[in-house]
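Tertiary structure, described
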Amino acid sequence: MTTMITFNELRKIKDQLPSGSMQKIADELGIDVETVRNYFGGGDYNQGKAVGIHFEKGPEGGIVQIDDTTILEKAKELLAN
């Protein structure tokens, strides 16, 4: 299922995460921490990977189309606790 949100909304979620959350998400999902950072708009593809997220420039930082919401769901879980 594809989800669409604005880039600013995605960054707001990232910015609200407690310190160490990127590593915690990476550990729980068994992926590299740079891959999690790339999901939230980072660009280190030497260490991390792309994970089914597409950016389209526009208002509010543009639109983000997310093919795999697993990382987003983990981030929201951390914010809910």
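Residue positions within a chain follow its written sequence, with the count starting from 1. In view of the model being predicted, local features appear only for residues whose pLDDT reaches at least 70, and side-chain atom pairs are presented and counted only at 80 or more, with totals across whole chains, interfaces and linings using the full set of residues. Remark: hydrogens and water are excluded; side-chain values derive from all non-hydrogen atoms of the structure.

The next thing to look at is the sheet that holds strand E1 (residues 3-6). A sheet is described by the order of its strands in space; here 3 strands give the open sequence E1-E3-E2, paired in antiparallel fashion. Either end of the sheet is taken by a strand with one partner, and the two such strands are E1 and strand E2 (53-56). Going from strand to strand, the sheet's axes swing by 20° on average, the running direction of each strand aside. The criterion used for residue contact is that any of the two residues' heavy atoms lie within 4.5 Å. Fitted lines through C-alpha atoms serve as axes, helices being fitted only where they are in contact, and the angles separating the N-to-C directions of these axes extend from 0 to 180 degrees. Secondary structure elements follow DSSP: runs of H or I no shorter than four residues count as helices, runs of E no shorter than two count as strands, and numbering proceeds from the N terminus. Contacting E1, E2 and strand E3 (63-66), helix H1 (residues 7-16) runs over the sheet at an angle of about 85° to E1. DSSP-based pairing: two strands are paired if at least 2 bridges between them are found.

The next subject is the environment of Thr70. Here Thr70 shows up in helix H4 (residues 70-80). Burial here depends on accessible area, computed with a 1.4 Å probe over protein chains only, as a share of the maximum for the residue type. Under 20% is buried, over 50% is exposed, and the range in between is partly exposed. Residue Thr70 is classed as partly exposed on the basis of its relative accessible area, which comes to 34%. Distance from Thr70 to Leu29, taken between C-alpha atoms, is 8.6 Å for residues 41 residues apart in sequence.

In contact at an axis separation of 10 Å, H1 and H4 are set at 45° when each is read in the N-to-C sense. One element, H1, and the other, H4, form an angle in the oblique class. The chirality of how H1 crosses H4 is left-handed. Facing H1, whose interface residues are Leu10, Ile13 and Gln16, H4 presents Leu72, Ala75, Lys76 and Leu79. Under the grouping applied here, Gly and all other residues not named as nonpolar or charged are polar, the nonpolar ones being Ala, Val, Leu, Ile, Met, Phe, Trp, Tyr, Cys and Pro and the charged ones Asp, Glu, Lys and Arg. Of the residues that constitute the contact of H1 with H4, the class distribution is 5 nonpolar, 1 polar and 1 charged. In what follows, roughly perpendicular refers to angles from 65 to 115 degrees, roughly parallel to angles under 35, roughly antiparallel to angles over 145, and oblique to any angle outside these ranges. Each crossing gets its handedness from the near helix: less than a right angle anticlockwise from the far helix is left-handed, clockwise is right-handed.

All we've got here are geometric facts, nothing functional implied.
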